[in-house]
Amino acid sequence: MAQLARTVKKRIISGDGGAWAYAFIAVALVVFALFTAYPVINAFIISFQEYKPLGSTYAGFDNYVHSFDDELFWKSIKNTIVYTLLTVPVSLVLSFGVAILILPLKKKLQTTFKAVYYLPAVASGVALSVVWLWIFDPLQTGILNQLLAFFGIGNLNWLGTSATSMFSLVLMAWLSSHGTSIIIYLAALIGIDNSYYEAAELDGASFSQKLRHIVIPFMKPTTLFLLVTGVIGSFQVFQNAYLMTGGGPDNATTMVGLLIFNNAFKYFEFGEASAQALILTLIIAIISFIQFKFLGNDVEY
């Protein structure tokens, strides 16, 4: 390490451009190695062990076998898939729709709306969860229950029953955290050359025709990017389930990320948690590959 540092320093002093490049990325590489590469490698090793703080024992594939035999593990995967299917497509449509509405506005108004929609992404997740706990309050003071009261519907225990707990988390995802997607979509929309719209208007194209034949094709790379990142994020969802329901009731909202957390830090089954984390990584990699394979053939960046 000392020799490497001396070599880099010598090249920097001598004006070697390549050394400057390594110097600039050195911090990022160190952070990646310490907080990404090392934990992944360590998790892989632990997944084959009966982990103990003092003296772990080799367990072979027992952690993987136990995970595949665990009904709760499969239920958590099912819950995660349901959550993903219900949130990601709707979030993309909502983000795209809002971006379309913001696009015709003047630049100052665009900036204002972008700031407003992005604000929840800056706010603390704990603070947002407290607000949503108030909205889902099962008593009459809850905002949703007050809204239902106007229609003569009684109070619902949104987070406390299996019938509504998952929908509550999905509704929370629908109505929050679209700021990043909106800004990305808006940037892509602004990047479309006006000549395409002008040519379409000369041909008498309607708004829906311009949307179908110009906007949507040009948005395909952006949509694919947001789809892939959205699916990855939803498969890793943890905070909402942990803070809002704790995985209940009856594990109706137990996601894979929450199950891994509980196994590791609640039951101290680090080997099994590591195995499940690697299985989740493999699932995400396969889904991402399928998305790029079937949706990214004609996408140009």
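Residues numbered from 1 in each chain as written. Predicted model: local features only at pLDDT ≥ 70, side-chain atom pairs only at ≥ 80, totals over all residues. Heavy atoms only, no water.

K.L.:
Any chance you could explain the pattern of salt bridges here in plain terms?
P.N.:
Should their charged atoms come close, side chains of opposite charge can pair. Tallying each qualifying case throughout the model produces one salt bridge. Between Glu 201 and Lys 210 there is a salt bridge, and its shortest N-O distance comes to 3.4 Å. (Salt bridge = Lys/Arg side-chain N within 4 Å of Asp/Glu carboxyl O.)

K.L.:
When you look at the packing of aromatic side chains in this model, what are you seeing that I'm missing?
P.N.:
Within a pair of aromatic rings, the relevant descriptors are the distance that separates the centres and the angle that separates the planes. Within this structure, the stated rule accounts for 18 aromatic pairs. Grouping aromatic residues by their ring pairs yields a cluster made of Tyr 51, Phe 238, Tyr 242, Phe 261, Phe 265, Phe 268 and Phe 270. (Phe/Tyr/Trp six-rings, centres within 6.5 Å; stacked < 30°, edge-to-face > 60°.)

K.L.:
How should I be thinking about the environment of Ile 100 in this particular structure?
P.N.:
With respect to the helices and strands, the residue Ile 100 is situated in helix α4 (residues 71–102). Owing to a relative accessible area of 17%, Ile 100 belongs among the buried residues under this scheme. Counting along the chain gives 195 residues from Ile 100 to Leu 295, while the straight-line C-alpha distance between them is 23 Å. (Helix = DSSP H or I, 4+ residues; strand = E, 2+ residues; numbered from the N terminus. Buried < 20%, exposed > 50% of the residue type's maximum accessible area, 1.4 Å probe, protein only.)

K.L.:
Please explain the packing of α4 against helix α12 (residues 220–235) as it appears in this structure.
P.N.:
The description of two helices packed together rests on the angle between their axes and the distance between the axes. For the pair α4 and α12, interaxial distance at closest approach is 9 Å and the crossing angle is 150 degrees. When the axes of α4 and α12 are compared, the crossing they make is right-handed. Listed contacts from α12 to Thr 80, Ile 81, Tyr 83, Thr 84, Thr 87, Val 88 and Leu 92 of α4 are Thr 223, Leu 226, Leu 227, Gly 230, Val 231, Ser 234 and Phe 235. Of the residues assigned to the contact of α4 with α12, the class counts are eight nonpolar, six polar and no charged. (Axes fitted to C-alpha atoms, helices over the stretch in contact; angles between N-to-C directions. Left-handed = near helix turned anticlockwise from the far one by under 90°. Contact = heavy atoms within 4.5 Å. Nonpolar A, V, L, I, M, F, W, Y, C, P; charged D, E, K, R; others polar.)

K.L.:
Sorry, what's going on with unusual backbone geometry here?
P.N.:
Residues other than glycine predominantly adopt negative phi, and peptide bonds predominantly adopt the trans conformation. Note that the residue after Gly 248, namely Pro 249, is joined by a cis bond; omega there is -10 degrees. Along the chain, the position of Pro 249 falls in the loop between α13 (239–244) and α14 (256–265). Of note in the backbone geometry, Asn 251 takes a positive phi value of approximately 60 degrees without being a glycine. Structurally, Asn 251 can be placed in the loop between α13 and α14. The class of Asn 251 is partly exposed, set by a relative accessible area of 32%. Located in the positive-phi region is Phe 268, a residue other than glycine, with phi close to 60 degrees. As for its position among the elements, Phe 268 is in the loop between α14 and α15 (270–295). Using a relative accessible area of 55% as the deciding quantity, one classes Phe 268 as exposed.

K.L.:
How should I be thinking about the packing of helix α3 (residues 62–69) against α15 in this particular structure?
P.N.:
Contact geometry of α3 with α15 gives a least axis separation of 8 Å together with a crossing angle of 70 degrees. The angle between the axes of α3 and α15 places the two elements in the roughly perpendicular class. Contact residues: α3 offers Asn 63, Tyr 64, His 66, Ser 67 and Phe 68, while α15 offers Gly 271, Glu 272, Ala 275, Gln 276, Leu 278 and Ile 279. For the contact of α3 with α15, a count of residues per class yields five nonpolar, five polar and one charged. (Parallel < 35°, antiparallel > 145°, perpendicular 65-115°, else oblique.)

K.L.:
Help me understand the side chain of Thr 84 in this model?
P.N.:
Summarising the element assignment, Thr 84 is placed in helix α4. Ignoring any residue separated from it by four or fewer positions in sequence, one finds Thr 84 in contact with Pro 89, Val 231, Ser 234 and Phe 235.

K.L.:
Can you help me understand the environment of Gly 154 in this one?
P.N.:
As for its placement among the helices and strands, Gly 154 is situated in the loop between α7 (143–149) and α8 (162–174). For Gly 154, a relative accessible area of 44% corresponds to the partly exposed category. Linking Gly 154 and Leu 282, residues 128 residues apart in sequence, is a C-alpha distance of 44 Å.

K.L.:
Please clarify how the nonpolar core should be interpreted in this entry.
P.N.:
Side chains that are nonpolar tend, in soluble globular proteins, to be buried together. Ranked by internal contacts, the top residues of the largest apolar core, which has 35 residues, are Phe 96, Tyr 185, Leu 189, Val 215 and Met 219. Put simply, the parts of the chain that give this core at least two residues each are α4, α9 (179–190), α10 (194–202), α11 (207–218), α12, α14 and α15. Here the element with the most residues in this core is α4; it accounts for nine residues. In this structure, Met 219 is in contact with Phe 96, Tyr 185, Ala 188, Leu 189 and Ile 192, ignoring residues within four places of it in sequence. Among the nonpolar cores identified, the runner-up in size contains 19 residues, and Leu 169, Val 170, Val 237 and Ala 241 belong to it. (Core = buried A, V, L, I, M, F, W, Y, C linked by side-chain atoms within 4.5 Å.)

Function cannot be inferred from these measures alone, as they are strictly geometric.
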